[in-house]
Each structure stands twice: as C-alpha cells, then as structure tokens.
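Structural characterization, general
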Amino acid sequence: MNGALMVSSGFLPATTLLESLLQISSEVALLVKNPALQRRNVSTMMRRITLLSSLFEEIQEEIQKPLPPSSVLCLTELYSVIRRVKILLESFRDGSVLWNLMQTEYISNQFYTLVKEMGRALDILPLSLLNLTADTKEQIELLHKQARRVQLFVDHTEAQRKDELLQLTGINNEKNPRNKGIIDLRTRDIMSSIGLRSPQEYEEEISKLQAEAEKQAGTGGLIVVANINNLIFLISLSKATIFSPDENLKFHEDLKKRKMPMNNRHDQSFSYSIVVAIPDELRCPISLDLMHDPVIVASGHTYDRNSIAQWINSGHHTCPKTGQKLIHMALIPNYALKSLIHQWCQENMIPTMESTSSSEPEKSSSKRRSCETAIDHISATKAAADAVKMTAEFLVGKLAMGSLDIQRQAAYELRLLAKSGMDNRRIIAEAGAIPFLVTLLSSPDSRIQENAVTALLNLSIHDNNKTLIMAAGAIDSIVKVLQLGKTMEAKENAAAAIFSLSIIAEFRTIIGAHPRAIPALVELLGEGTTAGKRDAATALFNLAVFNANRVKVILAGAVPLLIVLLTDDKAGITDDALAVLALLLGCAEGLAEMRMSRDLVPLLMDLLRFGSSKGKENSITLLLGLCKDGGEEVARRLLMNPFSVPSLQRLTADGSLKARRKADALLRILNRCCSQLTIPVG
C-alpha cells in the first residue's frame, strides 16, 4: 500500500532523490559568502545543510535495498525545504542590501520557518532503520533537537540600523537644511556598515532599489513603493554630497577602463561623462548626470525632468536642493539651458537624447514593459489640482480628435496620470475620459488598446469610477480584450479590471451574466503568464462569491486547472487557487468534481504541511468538505496517507482558531471511518 501511495503522490526514486538533494545542497553551499546582513542566520543554515549533506552521502553510499517509505517522505520534504532555502539565499544575495535591511524581521522569520520545517521533516526520519555510522546518527539527532527548539533570531544591530535608517528618511523628507550634515554623516556610517563605500557600490544599490520598486509595485502596495523611493532619494542625495565630483568622475573613468556594464537607466549619460567632464551647471543636482530635459520647479532651481518627477511622485513637496516648500508642482521647461546643453553636446561630439525609456509598474501585480517615453505624471494635490484638470481635459481632447499616434500618446499619458492618486482618478473621470477610453478598447492599434484598458484599470480603483465605467457599457469591450486582446498585457489588465469592477457586489451579477466573461477568465487561468493567472484567479474568486456564478465557473473547466495550479511553482498562486476551490466547494457540482479528482487529496495534505497560514486554512476547509456528508471514499483515501493524521494533530495544536476547529472535526470523521473499518486512528 505504501509503495502505491508513493507513486500516486509523485515521489522521485530514492537514487534520483538523493542525487537531487546532494546537487541542491552543493549549490546552496556556494551561494553566499561573508554576507553583510543575516550573518548568524545564514551561517547556521549553511551548517545545517552541510550536516544534512553528510547524511545524504552516507545513505547514497549504503543504499542496497528500498528505503523505508517514511525515509523517502522525509527526504522529499527536506528537498522542498532546501530548495526554498536556495530561493531565499538567491533573493538575499542578488537583491538590494538596503531593502534587505528594511526587511530584516521578515527575512529572519523566513530562516526561522525553514528551520522549523526542517525539524518537522526529521520527525519522520527512522534513523534506526538506516545503515548509518554512529557519528552521523548523533549529528542528525542533535540537528533534529536543535531544529525543534530553534527560536526566531533577529540581529539587534541590524534592527537598530533599520530604525535609524527610517529616522533618516523621515528627516530627509522634512528637508531642513540644518539637518543636512547629520543626514550625510549618519547615512555614510550606515552604508559603510553594510558594505557600501564607493560611488560604484552606491550606484549599484540605487539600481537594485529601482528594480525592487518595480517588483513591489504590483504586490507591495503604494506604501512599500514610497518607502523604497525614499531610500533611493536618500542614497542618491548622499552620494552627491559624500563623494566629490572628482571621485564621481574617477568612478566613471574606472568603469570605462574595466568595461563594466551599468545596470541603471542613466547608462548613456554616464558614458558621456567618461569621455569629457560635464560642467556642473549642466548636471542634475539629484542624479549628477547630464540633463536631457531640464525643468524649473517653483523654487527657481533646475532639475532633469525624470529625476524631479520621481522625487515629486514619491510624495515630496519640497525643493531637493534647498528644502523650500514648493507652492505648486508644475515643471516649467528651461529652454535656455536646454539649448546650452545641446550646443555643448555638439561641441564635444556627444549624441543628444531627446527621450529616455523607463519601466512603469502597473496595478495588476506583474512586471511591466519598458516605457517608450519618460512622461512625468504628477500626483494631484490641492496645489496641483487645477494643473491636473487642465492636463486631463487636454488629453481627453486628443483622445477625441487626434490621429492614431496622438491617441496612442494621450492614452498612455492618461494611463500614467491615473496610476497614482485618487484625486487624479477622479479628475480624469470628471474630464470625460471614460467613454473615449472604452471606445479605444476596439482600436486596431495594439498599443492604444493596451493603454486604454490599463488606464481604465487604474481609473477603476476609485469606487465612483467603477459605476461610471459600467454605465459606459465597458464590460462587453473589456471581455473582448480579455478574450481576443492584441497583447498579453492587455489581456492581463482586462482580467485585473474585471477583478476591480467585481468588488462591487451588484456588478458581480452583471459580469457573470456575460456569456464570455467567465470562460475567458478560465482560459487565461490556463494559458496566461504568471501575472495573468493571478489576475484571472482573483477575478474568478470575486465572481464566485455570488452563488449563481459558481456553476458557470465549474462548467467553464476551472476546477482541473486550479488543481494543477496548486503545484505550479512558476505561477505562484497556490493560495489564490485554494481560495477559489474553497468557494466552489460550496455548490454540489464543485463538490462532486473535486471528489472525483485523485490528485487533490495528496496535494492538500502537502499544502497542509508546507502551506502558508491562509493556505492551511483553505486546505483543511477543502479536506473537511470533501470528507463529510457522503465523502467516506475520500476519507478512506486520506487515511491511506501515513502522514495525514499526524499533520491534522499538529494543526489542532498550532494552527489558527478556525483551522484547529476544522482539524478537530476532520479527525472525528476519520475516527468514525476507522471504527467502521476497525482501524484505530492516532
């Protein structure tokens, strides 16, 4: 029976499993050397994996007969844990060191959780049945005891540095000139303590923070992105003041000599400064690079448009150079200086750049493509409301009367303007943009269609705009984009727009009644990218809250796809898929289809052991629903899994209140089932 269970659960043969364990352990050992942060957590994790490698090698050398099933279970779970350690360490190594510092408690908790799961895997390792040396057994027993007793460790020094960094970003936001020396000195001390000591290291850190901001835009929320932007400006301004112009110039020259690649959006302007020194008056005070589009702010100082727009969009309303509060957010082109820059570039044989590209994160929780033009989209504040209104009305006029090129650019600018700030979204809607954007959803131009659906998505974040979008008859056009969109990003954002609109209860009925809405979402669930699958799953969840939509979701074929997604690491939407399945369990058709699946119960047991807290709650909800009220056959299948009862017992001890109650109820059902079969439980 155990052998059959192993095959049905998809475990690897013992020899292949051991080879995989040794391979991934050796890869982990090479990942991080002398980390600037998390030194104790990293070193102890490495030591544990080294001890486990000795165990794997010895089992591999002495394996002469099939391993006990519990050993294969343990090794399979250890592989899962070590694989997650590898992912954590790779992210830690490649990411921003400042952001890692800001996340020190979260990262420490990830190490803690992995060690606890390592200990739980070793709970079922039958050392007495394995042909191991006494030393190895003793080491593994000690490792097991330590893992069971491990406590969360957060480095006190790192926590202090994080708090000080938060204080510095707060002081920097105030832009009091009297604090400038304090900020520079304290920032330099913190940066030096985490390994940032040269202009090159500062610049690489800025690039990593920019990448993190883009990554977090879809999932981390506005507050997280604002925090990252504050860090970017703190380190950028500190770099400008801590290092002299000569040091920065030497950094650029060294880069040229070593032919080192630059991984930020100012690559080309850096290469210009290697060839010839840029006059200070032509440099942006924020980025220290040659300005391409100089603009004047309310204080009278000039900055490059990209840099000052990012400064304003991160929530600052002061002049970076003086700290003076800006009475308005308008950016006035400095044509005189731009002409001088153009003349200087010609004299020094440097090509001019009329535009730069940047990467813009969108609301739909996924990576977004590079922007064709850097457009400044200032958040609407009380002081800037009139300017935003004029801009919105001007762009709406372009949507109504412009050529394809003009419409494409106008839709793109509205998309950006609507991306941040509830006031912006309200003003754009009041300017009459929504009906024109709905019309553009049918445009033969792929970029216009993509910009229009994304602008509607961003506008729909404002609750009043949801009603306006539905009143404009947008749902039919949005569903067509979802089904037949010209780009995958357009399809993804159409799904995200349906999710946003379906937050309003009455709209779930209207959307669900559209004959192609739910089937198109299910199609994206199966064929979309990682972001598309997540957008489809969240939209289906909202629609399935309305009882009448559940049968439509099931008939569209969602259940098998959702079950497959439970083990799709690339999709990364296990919790979302579980949540939809838990909703579909509430109708007879969903219950019947899930009971017929031979894969679901083993997967739910795995998720019960290794899932998130939310995942465990949904897993136990599904298992309980499948086993009660006529689910005896599923209960018998569950009993065939030797790890099911221990997992449920553990959940009754350390799960959430809801999970504990449901685990108790499921154990009672299993006990009744066993009494009928005369098999004792526990």
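Criteria and cut-off values
Residues numbered from 1 in each chain as written. Predicted model: local features only at pLDDT ≥ 70, side-chain atom pairs only at ≥ 80, totals over all residues. Heavy atoms only, no water. Helix = DSSP H or I, 4+ residues; strand = E, 2+ residues; numbered from the N terminus. Buried < 20%, exposed > 50% of the residue type's maximum accessible area, 1.4 Å probe, protein only. Areas by Shrake-Rupley, 256 points an atom, 1.4 Å probe, with all protein chains shown as cover. Arc of directions from axis to C-beta. Phe/Tyr/Trp six-rings, centres within 6.5 Å; stacked < 30°, edge-to-face > 60°. Lys NZ or Arg CZ within 6 Å of the ring centre and 35° of its normal. 1 Å grid on protein atoms, 1.4 Å probe; cavity = no way out; pocket = protein on both sides within 12 Å on 5 of 7 lines; lining within 4 Å. Points joined across faces, edges and corners; volume = space filled by probe spheres on them. Axes fitted to C-alpha atoms, helices over the stretch in contact; angles between N-to-C directions. Left-handed = near helix turned anticlockwise from the far one by under 90°. Contact = heavy atoms within 4.5 Å. Nonpolar A, V, L, I, M, F, W, Y, C, P; charged D, E, K, R; others polar. pLDDT = per-residue confidence, 0-100. Pairing = 2+ DSSP bridges. Core = buried A, V, L, I, M, F, W, Y, C linked by side-chain atoms within 4.5 Å. Salt bridge = Lys/Arg side-chain N within 4 Å of Asp/Glu carboxyl O. Parallel < 35°, antiparallel > 145°, perpendicular 65-115°, else oblique.

Across its full length, the protein chain carries 35 helices and three strands. Within the protein chain, the fraction of its 682 residues that count as buried is 53%. Per element, the accessible surface of the protein chain, about 30,700 Å² overall, is 54% carbon and sulfur.

What follows deals with helix 33 (residues 632–640). Side chains three or four residues apart in an α-helix point the same way, a direct result of the helix having 3.6 residues per turn. Taken together, the buried positions of helix 33 are occupied by Val634, Ala635, Arg637 and Leu638. The buried residues of helix 33 occupy an angular sector of 160 degrees when the element is viewed end-on, so they sit on one face.

Overall, the coordinates contain zero aromatic pairs when judged by the stated rule. Across from the ring centre of Phe153, 3.9 Å away, lies the NZ or CZ of Arg40, which sits over that ring.

Let's shift gears to empty space enclosed by the protein. For the structure on display, the rule yields six cavities of 30 Å³ or more. By volume, the second largest cavity is sized at about 80 Å³. Arg120, Leu608, Arg609, Lys616, Ser647, Arg650, Leu651 and Asp654 are the residues that line the second largest cavity. The set of elements that each furnish at least two residues to the lining of the second largest cavity consists of helix 31 (600–610) and helix 34 (644–654). Among the elements that make up the lining of the second largest cavity, the one with the highest residue count is helix 34 (four residues).

Axis angle and axis distance: for two packed helices, these are the angle between their axes and the distance between the axes, and together they describe the pair. The interhelical angle for the contact between helix 28 (residues 558–565) and helix 29 (residues 574–584), taken along N-to-C directions, is 145 degrees, at an axis separation of 9 Å. For helix 28 against helix 29, the interelement crossing comes out left-handed. Between helix 28 and helix 29, the contacting residues are Val559, Leu562, Ile563 and Leu565 on the first element and Thr574, Ala577, Val580, Leu581 and Leu584 on the second. When the residues that make up the contact of helix 28 with helix 29 are grouped by side-chain class, the tally is eight nonpolar, one polar and no charged.

Attention now goes to the confidence of the model for the protein chain. When pLDDT is averaged along the protein chain, the result is 79; 81% of the residues meet or exceed 70. The low-confidence segment residues 354–383, where pLDDT is below 50, has 93 contacts with residues more than four positions distant or belonging to other chains.

This part is about the sheet that holds strand 2 (residues 302–304). Ordered in space as 2-1-3, the three strands form an open sheet in which the pairing is antiparallel. Edge positions in the sheet fall to strand 2 and strand 3 (332–333), since each has one partner strand and no second. The pairing of strand 1 (residues 294–296) with strand 3 spans two bridges and is classified as antiparallel. The partner of Ile296 across the bridge, within strand 3, is Ile332. Packed onto the sheet, helix 14 (residues 305–313) meets strand 1, strand 2 and strand 3 and runs at close to 95 degrees relative to strand 2.

A separate point is helix 34. Among all positions of helix 34, only Ser644, Val645, Ser647, Leu648 and Leu651 are buried. One face of helix 34 carries all of its buried residues, which in axial projection span an arc of 160 degrees.

Attention shifts here to the nonpolar core. Judged by nonpolar contacts, the single largest core of 102 residues is most densely connected at Ile478, Ile498, Ile511, Leu581, Leu584, Met594 and Leu666. A total of eight residues in this core trace back to one element, the largest contributor, which is helix 35 (residues 657–677). Counting 68 residues, the second largest nonpolar core, distinct from the first, contains Leu55, Ile107, Ile206 and Leu209.

Backbone geometry at Gln38 places phi at a positive 55 degrees, although glycine is not the residue there. Within the secondary structure, Gln38 is located in the loop between helix 2 (14–29) and helix 3 (39–62). Phi is positive for Asp629, which is not a glycine, with a value near 50 degrees. Judged by relative accessible area, Asp629 falls into the exposed class, the value being 69%.

Another point: the environment of Leu441. Position of Leu441 among the secondary structure elements: in the loop between helix 19 (433–440) and helix 20 (446–459). Separated by 53 residues in sequence, Leu441 and Ala494 have C-alpha atoms that sit 10.0 Å apart. Apart from the residues lying within four places of it in its own chain, the contact partners of Leu441 are Gln449, Ala452, Val453, Leu456, Ser477, Ile478 and Val481.

Bringing the pattern of salt bridges into the picture now. This model, assessed by the stated rule, comprises 19 salt bridges. Taking the shortest distance from any N to any O, the salt bridge between Glu489 and Arg415 comes out at 3.0 Å. Of the two residues, Glu489 sits in helix 23 (residues 488–501) while Arg415 sits in helix 17 (residues 404–417), which places them 74 residues apart along the sequence. The exposure class of Arg415 is buried, given its relative accessible area of 4%. For the salt bridge of Asp476 with Lys480, the shortest nitrogen-to-oxygen distance reads 3.6 Å. Note that Asp476 and Lys480 are positioned in helix 22 (residues 474–484) at a spacing of four residues, about one turn of the helix. Bridged by salt links that share partners, the residues Arg415, Arg447, Glu450 and Glu489 form one connected network.

All right, on to the packing of helix 19 against helix 20 then. Remark: helix 19 packs on helix 20, axes separated minimally by 8 Å, with the N-to-C direction vectors making an angle of 140 degrees. In terms of axis orientation, helix 19 runs oblique to helix 20. Crossing of helix 19 against helix 20: the hand is left-handed. On helix 20, the residues that touch Ile434, Leu437, Val438 and Leu440 of helix 19 are Ile448, Gln449, Ala452, Ala455, Leu456 and Leu459. Of the residues in the contact of helix 19 with helix 20, the class split is nine nonpolar, one polar and no charged.

Next up on the list: the environment of Met605. The residue Met605 is located in helix 31 in this model. Relative accessible area serves as the criterion here: at 0%, Met605 is assigned to the buried category. Sequence separation between Met605 and Asn641 is 36 residues, and the spatial gap between their C-alpha atoms is 8.5 Å. Residue contacts for Met605: discarding those within four places in its chain leaves Leu623, Leu638, Asn641, Phe643, Ser644 and Ser647.

Tracing the backbone through its elements, the reader meets Thr302 in strand 2. Those residues in contact with Thr302, other than ones at most four positions away along the chain, are Pro285, Met291, Pro294, Val295, Ile296, Asn334 and Leu337.

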